[in-house]
Amino acid sequence: MAALTLATLVHPEDLDENRQVGGNPVMANVVSEQVKPAAAYRPVRRYDAIIIGAGISGMYQLYRLRQLGLSVRVFETGDGVGGTWYWNRYPGARFDSESYSYGYSFSQELLQEWDWSEHFSAQPETLRYLNFVADKFDLRRDIEFNSRVTAAAYDEAANYWEIKIGDGRRARAQFLITAVGPLSMPTMPICEGIDTFRGKSFHTGKWPHGPVDFTGQRVAVIGTGATGVQVIQEVAKTAAHLTVFQRRPNYCAPLLNRPIDAETQRKIKASYPEIFERCRESHGCFIHKADPRKAVEVSPEEREAFYEKLYAEPGFGIWMGNFRDILTDPVANETISEFVRKKIRGRVKDRAIAEKLIPKDHGFGTRRVPLETNYYEVYNQPNVTLIDIRETPIQRIVPTGIMTSAAEYEFDIIIYATGFDAITGAFDRIDIRGVGGQTLKDKWADGPRTYLGIQIEGFPNLLTLVGPHNAATFCNIPRCIEQNVEWVTDLIRYMRDKTYKSVVPTPEAERVWTEHVYELASRMLFTKVDSWFMGINTNVPGKQKRTFLLYSGGAPAYREKCDEVAANGYEGFILA
Ligand code: NA7
């Protein structure tokens, strides 16, 4: 009854005046989830920290800030935890990182309690794992589901962020932490007639929660990125006919997944410290460490033998554990590109189809390398057709299927594996306003500018986990997420100890970091190629110009820099 009284009879502004700062929020504890106050009288709840998103980073940040004794509220669009693994339920979705290198490393108990069943876990198991984590650490009580944050504004005088949820609820906090995910905004093609299709259609990033049966169905897949490759190889198993609409092929490499037997499980659990240490030392925090040799310095025989070995090994070794110059030197890159081209030709029986599946506009590893299981063999099946839409573009979606410049195809199901508005997309969709009402979207109109990929000048107390220009954007992501979260937690602890109320980078620190990010990236071959790494998305107006979104200096260098900044009293930040 007390909750009902407060929520319905007290004017929100009065409530807000009485709000305590720090410790437990007033309303969070008294307004039950069942009570839905009338919009006009909704109280503005106040916390020490608000986190947007309950994926891997949001969950861990909540756990850490709770340990500091902060009142924290997480707002999450979905109705469950898990982020990427909550949304991407399409058949075939699974890790490309070794499972045991991907889980959280912060709790020995958790590491010992959880058994991964496969070397590269499939989405249902990963989502079960993240729910297990949420239960184990009792995270759900501070997470508000079905709550999309639409706006966030900084009040300079009072030093708080106020967020708005889609249904009109509001909340305030000293710290606003975005845990919105780098690939969380699915994008559909800009194509006429999408809504007219009479069959079923799905974007892989918004897959339904129930099963989708392809048996006896005529299925179309549009898109051949890492997602398209995973979904294609799965759908081809049961569809009556699968038609793949490919705009540009990618260089794919074998995943070589297998179950984890009891003995291997025991060994994995005994060697977690070494596994995580190995990840810490590698550029992208994978267990695969780049070979110190250069491709151009070894004999062709030695090079070929090394490539054969990598191709026969599971996971990203061929990308992350390859010669150290393949992603920076075009000559070195051509050697591995040619090697993979030969493999594709060897696996696809029809010569013309094989040629369509071979990228002509970029080298191996300069776009995200999809890992596959019999992907190329799918095109040897009689129930699979490949349409190259650069030759015969899609003109429109029609009620019965897809019309290209050459023909009309009938389908029961269309799957859009057309990717995401990467890295900045989730930020763009929240109206984030900093000092003087400046919007983040405007500030980043010509590309992101950040300090350490964690903070932005003009946006005090806004902390961006896995933000642009952060090492986590090019990483075995939970490894970098843990670093991000722990660094942010230490910063907040430091501020509390020293009684600082706000933190924001100096314009100079932001300029220097942004230039450093650009300088590092300019050495990488991926900057010469269109992909989501470079912020290109043909389906989003204004995202056709390449921009540097990733930090390409590697996680160890990034971590070292972050640690150095902290050790120097948070150099480059204005603490007040
Ligand atoms: P990606 O890698 O961005 O791939 C999207 C795919 O969809 C790619 O093949 C695109 O072709 C294609 N695409 C996009 N728009 C269209 C339109 N309008 N018409 C036809 N084809 C289109 O996204 P993924 O989901 O596969 O992977 C994203 C990341 O998630 C991945 O890297 C993993 O880290 C996890 P294009 O190549 O642009 O010509």
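A brief structural summary. Since the model is a prediction, treat every value here as computed from it, not as a measurement.

1. Comments concerning the site of the ligand
Point 1. Close contacts around the ligand come from 19 residues, with Thr-224, Thr-227, Arg-247, Arg-367 and Asn-539 the closest.
Point 2. Within the contact set of the ligand, an oxygen atom lies 3.1 Å away from a backbone nitrogen or oxygen of Ala-226.
Point 3. Here Arg-367 contributes a side-chain N or O atom positioned 2.8 Å from an oxygen atom of the ligand.
Point 4. Of the residues assigned to the shell around the ligand, the class counts are eight nonpolar, seven polar and four charged.

2. Some details on the sheet that holds strand 16 (residues 413-416)
Point 1. With parallel pairing, five strands are arranged side by side in an open sheet as 7-16-8-9-12. The open sheet has two edge strands with one neighbour each: strand 7 (200-203) and strand 12 (384-388). Strand after strand, the sheet turns through a mean of 15° between neighbouring axes, direction not considered.
Point 2. Note: strand 9 (residues 241-246) against strand 12, five bridges, orientation parallel. Paired with Leu-242 across the two strands is Val-384, which belongs to strand 12.

3. Overview of the nonpolar core
Point 1. In terms of nonpolar packing, the biggest core is built from 140 residues, with Tyr-104, Leu-452 and Trp-487 touching the most fellow members.
Point 2. Here the element with the most residues in this core is helix 19 (residues 477-497); it accounts for nine residues.
Point 3. Setting aside anything within four residues of it in sequence, one finds Tyr-104 in contact with Gly-55, Ile-56, Met-59, Tyr-60, Leu-110, Leu-111, Tyr-129, Leu-130, Val-133, Phe-276, Arg-479 and Glu-482.
Point 4. Among the nonpolar cores identified, the runner-up in size contains 24 residues, and Ile-52, Ala-152, Phe-427 and Leu-440 belong to it.

4. What to know about the packing of aromatic side chains
Point 1. With the rule as written, the count across this model stands at 47 aromatic pairs.
Point 2. A centroid spacing of 5.4 Å and a plane angle of 45° characterise the contact between Phe-106 and Phe-137, whose relative ring orientation is tilted. Here the residue Phe-106 occupies a position in the loop between helix 6 (99-102) and helix 7 (108-113), and Phe-137 occupies one in the loop between helix 8 (123-136) and strand 3 (143-144), the gap between them amounting to 31 residues.
Point 3. Taking the relative accessible area as the measure of exposure, Phe-106 reaches 18% and is therefore buried.
Point 4. Seen in terms of ring centroids, Trp-114 and Phe-132 are 5.3 Å apart; in terms of plane orientation they differ by 45°. Their pairing is tilted.

How each quantity is defined
- Residues numbered from 1 in each chain as written.
- Predicted model: local features only at pLDDT ≥ 70, side-chain atom pairs only at ≥ 80, totals over all residues.
- Heavy atoms only, no water.
- Near = heavy atom within 4 Å.
- Polar contact = N/O pair within 3.5 Å; in protein donor to acceptor, adjacent residues only side chain to side chain.
- Nonpolar A, V, L, I, M, F, W, Y, C, P; charged D, E, K, R; others polar.
- Pairing = 2+ DSSP bridges.
- Helix = DSSP H or I, 4+ residues; strand = E, 2+ residues; numbered from the N terminus.
- Axes fitted to C-alpha atoms, helices over the stretch in contact; angles between N-to-C directions.
- Core = buried A, V, L, I, M, F, W, Y, C linked by side-chain atoms within 4.5 Å.
- Buried < 20%, exposed > 50% of the residue type's maximum accessible area, 1.4 Å probe, protein only.
- Contact = heavy atoms within 4.5 Å.
- Phe/Tyr/Trp six-rings, centres within 6.5 Å; stacked < 30°, edge-to-face > 60°.

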